[in-house]
Amino acid sequence: MTRPSLSSEWIRYFIVDRSSGIVRVVLQDGSSSELPLGEEFAALSSQIATSVFDWDRWWIINTTVRGHVLVAEAYSPITEDPIRGRPIVYLDQNHWSTIATAFAAPERIRSESLRAAARLIARLAHDGKIITPLSAAHLRETGALSGERRYELGVAMASLAGGWQFRHPLEIWRNELAQSIAKYLGIQAPIETSLPVVTLEPNALLDDNTNAHAMDIDDPRLFLLAMTSPSATLELLLEPKAMDRIEPEGWVARQRDLSSALAQSPKNNQVKKQNALVFTWIDNLQPINEALQALDETPERLAGISIGAIREILGSTPMVNRFSRLMAQRHISATTRWKPNDLTDLMFLSAAAAYADYVVAEKQTGTELAQLEVALGQQPTTFNRLELLADQLEHLR
């Protein structure tokens, strides 16, 4: 495999040893040199004792202060197909918790079939036969935990994800809209809107404009990002203290208001779905305008857009189409009770259902996505039980 040129011919390992406060560079001939770790880094509290960048394997090997060794693949802008045909499996947070429990304390799982399913999926991920990427939703949910439970879950997630990330749904949303709007307007969408969703690209799971894919192959910043990204993710997963969460209360209030208005409307469900679709379009004008900006177009190009055009644009977007359909269905349902976590579930699981080979979701959204897949004429690949996924993956054993 071709590598970026930075030092790859003569450096074997780059080691950050927090326990001794040094940075060590080991050359291919076995010689080494050391530098003191900067005081600002040495003073930081961390659950990582050492981080090793292995040039030969293109791996990052982190060892925690408790002795767990976690290996992650590093990003390379040259590698054409790092997935290599492996099935992509997206696990909702509750199922990650089950897998972590199956290894840390299997006696806590009463169901023998569930324990077996969790172990099978973990073995396949650990052996590199499936890819189980992490998303920003996983970091958010894990961040609400603290102490031993968080460490136990974080180690399992980092170990089995192996550096793989699921691109942030907001970026997927903008890219899909840019491609679909470009098709609608009869223009060419830039190549940047076709970025892979499941990737090793540094910080892809965050919506932070890092854009490592746009950096020059010999840019030292790119190498630094590739070397440190898995370690930074691990730091977030293992941080012992729970992090504050900001809930989308304004979003919830808008959904409740629309559901209430539709419930009082004398219109039939088809018209109500149409109204909900238009509401979803209007409620998400920011990503629409950002997609237009990526196309060097102004919002005026879509001024006065018809409901038919909205359907055409959204209909060719894998993630946004699923999201908007689920939103419309919930809006016309009399049993819907909007909650803050609905936004996370709907966005991330809609993206996962669009781009992963298999999804194991929470019960409500998983059931809705499976029903939608049938309605779209597809074989359902979204489940809400690990055992159902294990049945699908048994042949990979």
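Each value, and the rule that gives it
Residues numbered from 1 in each chain as written. Predicted model: local features only at pLDDT ≥ 70, side-chain atom pairs only at ≥ 80, totals over all residues. Heavy atoms only, no water. Pairing = 2+ DSSP bridges. Helix = DSSP H or I, 4+ residues; strand = E, 2+ residues; numbered from the N terminus. Axes fitted to C-alpha atoms, helices over the stretch in contact; angles between N-to-C directions. Salt bridge = Lys/Arg side-chain N within 4 Å of Asp/Glu carboxyl O. Buried < 20%, exposed > 50% of the residue type's maximum accessible area, 1.4 Å probe, protein only. 1 Å grid on protein atoms, 1.4 Å probe; cavity = no way out; pocket = protein on both sides within 12 Å on 5 of 7 lines; lining within 4 Å. Points joined across faces, edges and corners; volume = space filled by probe spheres on them. pLDDT = per-residue confidence, 0-100. Contact = heavy atoms within 4.5 Å. Parallel < 35°, antiparallel > 145°, perpendicular 65-115°, else oblique. Nonpolar A, V, L, I, M, F, W, Y, C, P; charged D, E, K, R; others polar.

K.L.:
Describe the sheet that holds strand S4 (residues 48–54), listing the residues and the values that go with them.
P.N.:
Across the sheet, 6 strands lie side by side as S3-S2-S1-S4-S5-S6; this open sheet has antiparallel pairing. Only two strands of the sheet have a single partner each, and these edge strands are strand S3 (32–36) and strand S6 (69–73). For this sheet the average axis-to-axis angle between neighbouring strands, irrespective of direction, equals 15 degrees. Alignment of strand S5 (residues 59–64) against S6, held across 5 bridges, turns out to be antiparallel. Bridge assignment links Ile60 to a residue of S6, and that residue is Ala72.

K.L.:
Before we move on, could you go through the sheet that holds strand S11 (residues 382–383) and cite the residues and values that matter?
P.N.:
A sheet is described by the order of its strands in space; here 3 strands give the open sequence S7-S10-S11, paired in parallel fashion. On the outer flanks of this sheet lie strand S7 (89–91) and S11, each paired with one strand and no other. With 3 bridges joining them, S7 and strand S10 (residues 358–360) adopt parallel strand pairing. Counterpart to Tyr90 in the pairing with S10 is Val359.

K.L.:
Could you give an account of the pattern of salt bridges, with specific residues and numbers?
P.N.:
One pass over the full model with this rule turns up 23 salt bridges. Close ionic contact of Asp219 with Arg221 constitutes a salt bridge, the shortest N to O distance being 2.7 Å. You can call Asp219 buried: its relative accessible area is 14%. Judged by its relative accessible area of 52%, Arg221 falls in the exposed class. Here Arg330 makes a salt bridge to Asp342, at a shortest N to O gap of 3.5 Å. On the criterion of sequence distance, the pair formed by Arg330 in helix H12 (residues 318–332) and Asp342 in helix H13 (residues 341–355) is long-range, its members being 12 residues apart. Here Asp342 falls in the buried class, since its relative accessible area comes to 3%. Bridged by salt links that share partners, the residues Arg140, Glu141, Arg245 and Glu247 form one connected network.

K.L.:
So what's going on with empty space enclosed by the protein? Residues and values would help.
P.N.:
Scanning the model with the defined rule gives 4 cavities of 30 Å³ or more in all. Of the pockets and cavities examined, the largest cavity occupies roughly 160 Å³. For the largest cavity, the lining is made up of 17 residues, of which Ala72, Ala158, Gly163, Pro230 and Thr233 are closest to its centre. At the level of secondary structure, the elements contributing two or more residues to the lining of the largest cavity comprise S5, S6, helix H5 (147–161) and helix H7 (220–238). The leading source of residues in the lining of the largest cavity is H7, at 5 residues.

K.L.:
An account of the layout of surface pockets is needed here, citing residue identities and associated values.
P.N.:
Roughly 980 Å³ of volume is contained in the largest pocket. Lining of the largest pocket is provided by 44 residues; of these, Glu73, Ala74, Pro82, Trp164 and Leu200 occupy positions nearest its centre. Looking at the lining of the largest pocket, the elements with two or more residues in it are S6, helix H3 (112–126), H5 and strand S9 (198–199). Looking at the lining of the largest pocket, the element that brings in the most residues is S6, giving 5 residues.

K.L.:
Provide a residue-level description of unusual backbone geometry, including the pertinent values.
P.N.:
A positive phi is found at Asn203, a non-glycine position, where the angle reads about 65 degrees. Phi at Asn209 is positive, roughly 60 degrees, even though this residue is not glycine. Relative to the assigned elements, Asn209 resides in the loop between S9 and H7.

K.L.:
Account for the confidence of the model for the chain, with residues named and values stated.
P.N.:
Across the chain, the average pLDDT comes to 92, with 96% of residues at 70 or higher. Within the model, pLDDT remains below 50 along residues 1–5, and this stretch shows 15 contacts once partners closer than five positions in the same chain are excluded.

K.L.:
Just give me the short version of the pairing of strand S2 (residues 22–27), but keep the residues and values in it.
P.N.:
Pairing between strand S1 (residues 11–17) and S2: 6 bridges, direction antiparallel. In the strand pairing of S2, Asp17 is matched with Ile22. Here S1 folds back onto S2, and the loop between the two strands holds 4 residues, one of which, Gly21, carries a positive phi near 70 degrees. The turn joining S2 and S3, which pair antiparallel and follow one another in sequence, is formed by 4 residues; a positive phi near 95 degrees is taken by Gly30.

K.L.:
Residue-level account of the packing of helix H8 (residues 249–264) against H12, with values.
P.N.:
Orientation of H8 relative to H12, taken along the N-to-C sense of each, is 55 degrees, at an axis distance of 8 Å. Relative to H12, the element H8 lies oblique. Listed contacts from H12 to Trp251, Gln255, Leu258, Ser259 and Leu262 of H8 are Met327, Arg330, His331 and Ile332. Looking at the contact of H8 with H12 residue by residue, the classes come out as 5 nonpolar, 3 polar and 1 charged.

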